[in-house]
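Okay, here's what each chain looks like letter by letter:
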Amino acid sequence: RGINAELMTDLQFARSEAVQRKNRVKVTFASNAAFSCYSIYTVDVECDCTATPRCPVGATELKHVSVPVSTTVVLTPARAVVFDPARGEALQDFSINVFSTRSGRLTTSVNKIGPVRVCSPDGSITGVPTPCP
């Protein structure tokens, strides 16, 4: 729940930063054997939150989050969402699963104009909507 709550806040942050900076803001996700991660950054380049450095010259990284595999939490799938500066809209519908072998699965989603939403698709987490819309 804590990692998913931070993710929801960070997606809202990325949306508001796109509007404030008048520039596209992108959130990319990846994972390797040691951790799952995401980076929030400006400009349309590809950053890799598993690499060093994470972003090429010219990108402004706004935030980086790394979740060690020891927490048993994995962020899947490894995709990206881009927020447009005109109204902070996501350029495409997007969803990501926050999965823990100990506690269950949450799905966080963003549609083009709506708020960030969370649900538990399999009902493994109480207190959030299930099934997912």
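As the structure is a prediction and not an experimental result, all values here were calculated from the model.

S.K.: Explanation requested: the nonpolar core in the structure shown.
M.R.: A general tendency of soluble globular proteins is for nonpolar side chains to be buried together. Among the nonpolar cores identified, the biggest contains 21 residues, and Leu11, Val27, Phe29, Tyr38 and Phe83 are the most heavily contacted of them. When residues of this core are traced back to their parent elements, those giving at least two are α1 (2–21), β1 (25–31), β2 (35–42), β3 (61–68), β4 (73–76), β5 (80–83) and β6 (94–100). Looking at which element gives the most residues to this core, the answer is α1, with 4 residues. Other than its neighbours up to four places away in sequence, Phe83 contacts Leu11, Ala14, Arg15, Ala18, Asn23, Arg24, Val25, Val27, Gly88, Glu89, Ala90 and Val110.

S.K.: Explain the sheet that holds strand β7 (residues 104–110) to me, please; I cannot follow it from the model alone.
M.R.: By definition, the strands of a sheet pair up through backbone hydrogen bonds, in either a parallel or an antiparallel sense. With respect to topology, 4 strands assemble into an open sheet ordered β4-β6-β7-β8, the strand pairing being antiparallel. The strands lining the two open edges of the sheet, one partner per strand, are β4 and β8 (117–119). If you compare each strand with its neighbour and ignore which way they point, the axes differ by 20° on average. Here β7 runs beside β8; their pairing, made up of 3 bridges, is antiparallel.

S.K.: What am I meant to see in the state of the cysteines here?
M.R.: Scanning all chains against the criterion turns up 3 disulfides. A sulfur-sulfur distance of 2.0 Å marks the disulfide that ties Cys37 to Cys49. Classification of the bridge connecting Cys37 and Cys49 rests on its S-S torsion, roughly 80°, and on that basis the disulfide is right-handed. Here Cys49 lies in the loop between β2 and β3 and Cys37 lies in strand β2, a separation of 12 residues in the sequence. Each member of the pair, Cys37 together with Cys49, is buried. Through a disulfide, Cys119 is tied to Cys132; the S-S separation comes to 1.7 Å. Given an S-S torsion of about 95°, the disulfide between Cys119 and Cys132 has right-handed geometry. With Cys119 in strand β8 and Cys132 in the segment after β8, this residue pair connects regions lying 13 residues apart in the sequence.

S.K.: Is there a simple way to think about α1 in this case?
M.R.: Three- or four-residue spacings in an α-helix give side chains the same orientation, since the helix completes a turn every 3.6 residues. With 20 residues, α1 extends 28 Å between its outermost C-alpha atoms, agreeing within 8% with the 28 Å of an ideal straight helix rising 1.5 Å per residue. Along α1, the residues that are buried comprise Asn4, Leu7, Asp10, Leu11, Ala14, Arg15, Glu17 and Ala18. Projected down its long axis, α1 carries its buried residues within an arc of 165°, all on one side. Within α1, the exposed residues directed more than 90 degrees away from the buried face are Gly2, Thr9 and Gln20.

S.K.: What is the right way to read unusual backbone geometry from this model?
M.R.: Peptide bonds are trans in most cases, and residues, glycine excluded, mostly fall at negative phi. The step from Thr52 to Pro53 runs through a cis peptide bond, and the omega angle for that step is -5°. Secondary-structure assignment places Pro53 in the loop between β2 and β3. Here the amide bond leading from Thr130 into Pro131 is cis, since omega sits at -5°, within 30 degrees of zero. Along the chain, Pro131 falls in the segment after β8. Of note, Lys22 is a non-glycine position whose phi angle comes to about 55°, a positive value. Summarising the element assignment, Lys22 is placed in the loop between α1 and β1. The backbone of Thr72 shows a phi angle near 65°, a positive value even though the residue is not glycine.

S.K.: Mind showing me how you'd approach the sheet that holds β5 here?
M.R.: With antiparallel pairing, 4 strands are arranged side by side in an open sheet as β3-β2-β1-β5. Among the strands making up the open sheet, the edge pair consists of β3 and β5. Shown here is a sheet whose adjacent strand axes are inclined to one another by a mean of 10°, direction ignored. Looking at chain direction, β1 and β5 are connected through 4 bridges and run antiparallel. Bridged to Val25 within β5 is Phe83. Sitting on the sheet, α1 is in contact with β1, β2, β3 and β5, with an inclination near 165° to β3.

Rules and cut-offs
Residues numbered from 1 in each chain as written. Predicted model: local features only at pLDDT ≥ 70, side-chain atom pairs only at ≥ 80, totals over all residues. Heavy atoms only, no water. Core = buried A, V, L, I, M, F, W, Y, C linked by side-chain atoms within 4.5 Å. Buried < 20%, exposed > 50% of the residue type's maximum accessible area, 1.4 Å probe, protein only. Helix = DSSP H or I, 4+ residues; strand = E, 2+ residues; numbered from the N terminus. Contact = heavy atoms within 4.5 Å. Pairing = 2+ DSSP bridges. Axes fitted to C-alpha atoms, helices over the stretch in contact; angles between N-to-C directions. Disulfide = S-S within 2.5 Å. Expected span 1.5 Å × (residues − 1). Arc of directions from axis to C-beta.

Coordinates in, geometry out; function isn't part of it.
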